[in-house]
Amino acid sequence: TRCKKLGSEKLQGREAEKWQITAQRDGRTLVSQHWIDIERRLALREKFADGTLSELKILGKEKLNGRTTEKWQLTVIYNNGQRSQSTQWYDPQLQMVIREELPGGYVRELRNIKVAKQAASLFTIPADYQRQQVPAQAAGMGIGMGAGAGAGAGAGSGAGAGAAGGTPPVKQ
């Protein structure tokens, strides 16, 4: 899998970096493009190898559970013409989505958020931890709702490319 920055563009009045991900799968070369909001690290637009297109548009600001958020709408147009929409509330302070309303009436939401310093022990790798390999069918280019950012990941926003061939190494 290769990731290449193609340049910068303005999308919906926001500065975005344009990235291309090239991956090999089942003897085929798959190419996808991703426009990542420079400020928020959200995937504003993604074109996947199968023709699927996703676009993320800001709708405005909104208070949610006492927090100031940005309300975003994700539209996915699949290669068969079907559409899917979801709504996300992005918290700029936390730099992540704290609520999503997904197709079918599903809702994911973080509530009772408290920002505080965390104990270092929470980040210690358990003694019985074992590295796992990603199954071949799970690796490759696909749509996934996510809370990560950058080229190839859905930056707390939504659609992202899963173009990894396995889990990253862990220091022990």
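Provided above is the structure to which this section pertains.
Residues numbered from 1 in each chain as written. Predicted model: local features only at pLDDT ≥ 70, side-chain atom pairs only at ≥ 80, totals over all residues. Heavy atoms only, no water.

Chemist: Explain the overall build of the chain to me, please; I cannot follow it from the model alone.
Modeler: Counting its regular elements, the chain contains zero helices and eleven strands. Traced from its N-terminal end to its C-terminal end, the chain shows the element sequence β-β-β-β-β-β-β-β-β-β-β. Here the chain holds 172 residues, and the buried ones make up 34% of them. When the accessible surface of the chain is totalled, it reaches about 10,700 Å², and 49% of it is carbon and sulfur. (Helix = DSSP H or I, 4+ residues; strand = E, 2+ residues; numbered from the N terminus. Buried < 20%, exposed > 50% of the residue type's maximum accessible area, 1.4 Å probe, protein only. Areas by Shrake-Rupley, 256 points an atom, 1.4 Å probe, with all protein chains shown as cover.)

Chemist: For this particular structure, what's the right way to read the sheet that holds strand S4 (residues 43-47)?
Modeler: Strand pairing in a sheet relies on backbone hydrogen bonds, with the paired strands running either antiparallel or parallel. Strand order in the open sheet formed by nine strands is S1-S2-S3-S4-S5-S6-S7-S8-S9, and the pairing between neighbours is antiparallel. What marks the edges here is a single partner per strand, and that holds for strand S1 (2-11) and strand S9 (107-109). Neighbour-to-neighbour, the strand axes of the sheet open up by a mean angle of 25 degrees, direction not taken into account. Strand direction decides the pairing type here: strand S2 (residues 14-25) and strand S3 (residues 28-37), joined by ten bridges, are antiparallel. Paired with Lys18 across the bridge in S3 is Trp35. (Pairing = 2+ DSSP bridges. Axes fitted to C-alpha atoms, helices over the stretch in contact; angles between N-to-C directions.)

Chemist: Any chance you could explain the side chain of Thr75 here in plain terms?
Modeler: Locating Thr75 in the fold gives a position in strand S6 (residues 67-77). There is a polar contact of 3.0 Å between the side chain of Thr75 and the side chain of Gln85. Not counting the four nearest positions on each side in its chain, Thr75 is found in contact with Leu53, Ser54, Glu55, Arg83, Ser84 and Gln85. (Polar contact = N/O pair within 3.5 Å; in protein donor to acceptor, adjacent residues only side chain to side chain. Contact = heavy atoms within 4.5 Å.)

Chemist: So what exactly am I meant to see when it comes to the environment of Arg14 here?
Modeler: Mapped onto the fold, Arg14 is located in strand S2. Under the relative-accessibility criterion, Arg14 is labelled buried at 16%. C-alpha of Arg14 to C-alpha of Asp37: the two residues are 23 residues apart in sequence and 6.7 Å apart in space. The residues touching Arg14, leaving out its near neighbours within four places in the chain, are Glu9, Asp37, Glu39, Arg40, Leu44 and Trp72. Reaching out from Arg14, the side chain makes a polar contact with the side chain of Asp37 at a distance of 2.3 Å.

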